[in-house]
Amino acid sequence: MFLLRPFALLTLACGILPAAETGAWISLFNGKDLSGWQHVGPGNMTVENGLIQSHGGMGLLYWVAGPIGNCKLRVVFKMRDRNDNSGVYIRIPIEPREPWMPVYYGYEVQIDNIAEGEDEYHVTGTLYSLTKPLSRPGKPGPEWNTMVITLDGKHTVVEVNGRKVTDYSEGDSVPPKKLWFEPERGPRPMFGFFGLQNHSDKDIVFFKSVELQPLK
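Below or above, wherever it landed, is the structure these notes cover. Counting restarts for each chain, with residues numbered from 1 along the sequence as it is written. The model is predicted, so local features are restricted to residues of pLDDT at least 70 and side-chain atom pairs to those at 80 or more, both for listing and for counting; the totals for chains, interfaces and linings are taken over all residues. With hydrogens and water excluded, all non-hydrogen atoms of the structure serve as input to the side-chain values.

For the rest of this paragraph, the subject is the side chain of Glu 108. Working definition: helices are DSSP H or I runs of at least four residues, strands are E runs of at least two. Numbering for both runs from the N terminus. Tracing the chain through its elements places Glu 108 in strand 8 (residues 107-111). Notably, Glu 108 is buried but unbridged: the nearest opposite-charge side chain belongs to Arg 188, and the N-O separation is 10 Å. Note on contacts: a residue pair is in contact if any heavy atoms of the two residues lie within 4.5 Å. Leaving out residues up to four positions away in the same chain, Glu 108 has contacts with Ser 86, Gly 87, Val 88, Tyr 89, Thr 126, Leu 127, Tyr 128 and Gln 197. Residue burial is assigned from relative accessible area. The probe radius is 1.4 Å, only protein chains are included, and a residue is buried under 20% of its type maximum, exposed over 50%, and partly exposed in between. Asp and Glu are treated as the negative residues and Lys and Arg as the positive ones, with His and the ends of the chain left uncounted. Criterion for a salt bridge: a side-chain nitrogen of Lys or Arg within 4 Å of a carboxyl oxygen of Asp or Glu.

Written out as structure tokens, the structure reads:
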């Protein structure tokens, strides 16, 4: 079941617990401001014209209600340019206080179709530097992309625009760490915090919606 007390308390307070029980998608971004979210690290995120927009970095906007697991996350995003860099962090073990702990000890579901200077383990929909893409369906900017991340116990599946890119279970073989900014190898929690990355002032990404659906 989808649980964790912080989320249950939030849903009850906001009057959306019945929606969670029926398996409906729950919006975590209200389209107006960043209520329920907090930013750490350089740069920032703003809401403009109903979209979350990244500025500068490298920072992280995370959902404050607490760890999530046994659910699906649906994130709709687009790049400003033909290619820009961002990501969706999942399975972060503790509440972030700075941007690098999530990089090293969570997973980053990459947003970067080209990943110049890096290999295919660093493209959109992969667990950054850990998984090889099963497909590469990411659309260039300014087209919209839909990413669905399924967190089912120790199993993580990522689909982009309806095509599976990642299918990973804790303990699956991964390549060795090559670069200092890649994540540490090792298991992640079944329940963790999640957030959106603002990578740099050259990488502008817009997020239209962030939704959660408990697994049945």
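From this point, the narrative continues.
To continue, consider the packing of aromatic side chains. The description of an aromatic ring pair uses the distance of the two centres, along with the angle that the planes make with each other. Side-chain rings of Phe, Tyr and Trp (the six-membered ring for Trp) are treated as a pair once their centres are within 6.5 Å; stacked means planes under 30 degrees apart, edge-to-face means over 60, and tilted covers the remaining angles. Taken as a whole and assessed by the stated rule, the structure comprises eight aromatic pairs. Between Trp 180 and Phe 181, the aromatic rings sit 5.5 Å apart at their centres with planes inclined by 85°, giving edge-to-face as the arrangement. A residue is classified by how much of its surface remains accessible, and Phe 181, at 26% relative accessible area, is partly exposed. Members of the aromatic cluster, each reached through a chain of ring pairs, are Trp 100, Tyr 104, Tyr 105, Trp 180 and Phe 181. Its end group placed over the ring of Trp 25, Arg 74 keeps NZ or CZ at 4.0 Å from the ring centre. Criterion for a charge above a ring: Arg CZ or Lys NZ at most 6 Å from the ring centre, at most 35 degrees from the ring normal. Positioned above the aromatic ring of Trp 144 is the side chain of Lys 208, whose terminal nitrogen or guanidinium carbon lies 4.4 Å from the ring centre.

Summed over the entire model, instances satisfying the criterion amount to seven salt bridges. Linking Asp 81 and Arg 80 is a salt bridge whose minimum nitrogen-to-oxygen distance equals 3.1 Å. Residue classification places Asp 81 among the partly exposed residues on the basis of a relative accessible area of 29%. Overall, Arg 80 belongs to the partly exposed group, its relative accessible area being 43%.

Moving on to the side chain of Gln 213. Structurally, Gln 213 can be placed in strand 13 (residues 205-214). Taking the relative accessible area as the measure of exposure, Gln 213 reaches 17% and is therefore buried. If we skip the residues at most four places from it in the chain, Gln 213 touches Gly 23, Ala 24, Trp 25, Cys 71 and Lys 72.

Okay, the environment of Val 205 next. With respect to the helices, strands and loops of the structure, Val 205 is situated in strand 13. Look at Val 205 and you get buried, because its relative accessible area is 0%. Along the sequence, Val 205 and Asp 81 sit 124 residues apart, while their C-alpha atoms lie 8.5 Å from each other. Among residues more than four places away in sequence, those in contact with Val 205 are Ile 52, Gln 53, Ser 54, Phe 77, Lys 78, Asp 84, Asn 85 and Ser 86.

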